[in-house]
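# Architecture and fold: a report
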Amino acid sequence: MTCHRHPRHQTFSLLSAYAIFGFLHELSHHFAASVVVHGSSSPNANGSSLTIALQAALGRYSFVQLPDDGDEQDAKAATRIILHAGWMFSLVLAAICHCLYIIVRNENEDGSLQKQTRFNRTWYRLFLNPTLPIAAYITAMEAIATDLFGFVPILPYVQ
């Protein structure tokens, strides 16, 4: 049984999921930066939390400024770790969304979804439509292109 929704609702769901997954992808970079920096100084000293959140949510990019300790090798290694953390996180998230879609779809087809509690049915309905896995895969492909292969979009000038 497939889930039929109004096309506008599907478009809104896809765009919303795409924005959320992009935001989570950018947060994974900041989380990796905070782990690499070991909490010594904030890796985002030049931006407020609101600015960082808006860049991540609306612009799908973020700037992570690492402390300048004079060791160029450490800075390059930290940059690689932060970049790779983003695409790996997005790929794992896409695989999880895909698996959940398959599980929920199979439970819906055999009727066991109706036996779930109301809370579980509400959350399962999110995965009856393939928009979440599709948005997660789009985000993962975008992350692989930019973070792994280095296809960096032209960003606005930020000082």
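Refer to the preceding data block for the structure.
## Quick look at a negative patch on the surface
- Side chains of Asp68, Asp69, Asp71 and Asp74 sit close together on the surface and give a patch of like negative charge.
- Tracing the sequence through the fold places aspartate 69 in the loop between helix H2 (49-59) and helix H3 (72-110).
- Under the relative-accessibility criterion, aspartate 69 is labelled exposed at 57%.

## Some remarks on the pattern of salt bridges
- For the structure shown, the criterion picks out one salt bridge.
- Measuring nitrogen to oxygen at the nearest pair gives 3.5 Å for the salt bridge that ties glutamate 72 to lysine 76. One end of the pair, glutamate 72, and the other, lysine 76, are both in helix H3, four residues apart, so they sit about a helical turn from each other.
- Here glutamate 72 falls in the exposed class, since its relative accessible area comes to 55%.

## Focus: H3
- When the terminal C-alpha atoms of H3 are compared, their 58 Å separation across 39 residues agrees well with the 57 Å that a helix rising 1.5 Å per residue should span.
- Along H3, the residues that are buried comprise Ala78, Ile82, Gly86, Trp87, Ser90, Leu93, Ala94, Cys97, Tyr101, Val104, Glu107 and Asn108.
- One or two positions beyond H3, positive phi appears at glycine 111, with a value near 85°.

## Remarks on helix H5 (residues 131-148)
- Given a rise of 1.5 Å per residue, 18 residues ought to cover 26 Å, and the 25 Å separating the end C-alpha atoms of H5 matches this to within 8%.
- Listed in full, the buried residues belonging to H5 are Thr131, Leu132, Pro133, Ala135, Ala136, Thr139, Ala140, Ala143, Ile144 and Asp147.
- With its phi angle positive at about 80°, glycine 150 sits one or two positions after the end of H5.

## Comments concerning a nonpolar patch on the surface
- Together, Ile20, Leu24, Leu27 and Phe89 line one region of the surface with nonpolar side chains, adding up to about 320 Å² of accessible area.
- At three residues, the largest contribution of residues to the nonpolar patch is made by helix H1 (residues 7-37).
- Of note, leucine 24 is situated in helix H1.

## Some words on the environment of isoleucine 103
- Tracing the backbone through its elements, the reader meets isoleucine 103 in helix H3.
- Take isoleucine 103: its relative accessible area is 44%, and that puts it in the partly exposed class.
- Isoleucine 103 sits 24 residues away from phenylalanine 127 along the chain, and the two C-alpha atoms are 8.8 Å apart.

## Points about the environment of isoleucine 81
- Within the secondary structure layout, isoleucine 81 lies in helix H3.
- Separated by 48 residues in sequence, isoleucine 81 and alanine 33 place their C-alpha atoms 8.2 Å apart.

## Remarks on the state of the cysteines
- Inspection of the entire model under this criterion finds zero disulfides.
- Looking at the unpaired cysteine 97, the closest cysteine sulfur is the one in cysteine 99, lying at 9.5 Å.
- Classification of cysteine 99 as partly exposed rests on a relative accessible area of 45%.

The rules behind each value
- Residues numbered from 1 in each chain as written.
- Predicted model: local features only at pLDDT ≥ 70, side-chain atom pairs only at ≥ 80, totals over all residues.
- Heavy atoms only, no water.
- Patch = residues over 30% accessible without salt bridge, like charges linked within 9 Å, V, L, I, M, F, W, Y side chains within 5 Å.
- Areas by Shrake-Rupley, 256 points an atom, 1.4 Å probe, with all protein chains shown as cover.
- Salt bridge = Lys/Arg side-chain N within 4 Å of Asp/Glu carboxyl O.
- Lys, Arg positive; Asp, Glu negative; His and termini not counted.
- Charge placed at Lys NZ, Arg CZ, Asp CG, Glu CD.
- Helix = DSSP H or I, 4+ residues; strand = E, 2+ residues; numbered from the N terminus.
- Buried < 20%, exposed > 50% of the residue type's maximum accessible area, 1.4 Å probe, protein only.
- Expected span 1.5 Å × (residues − 1).
- Disulfide = S-S within 2.5 Å.

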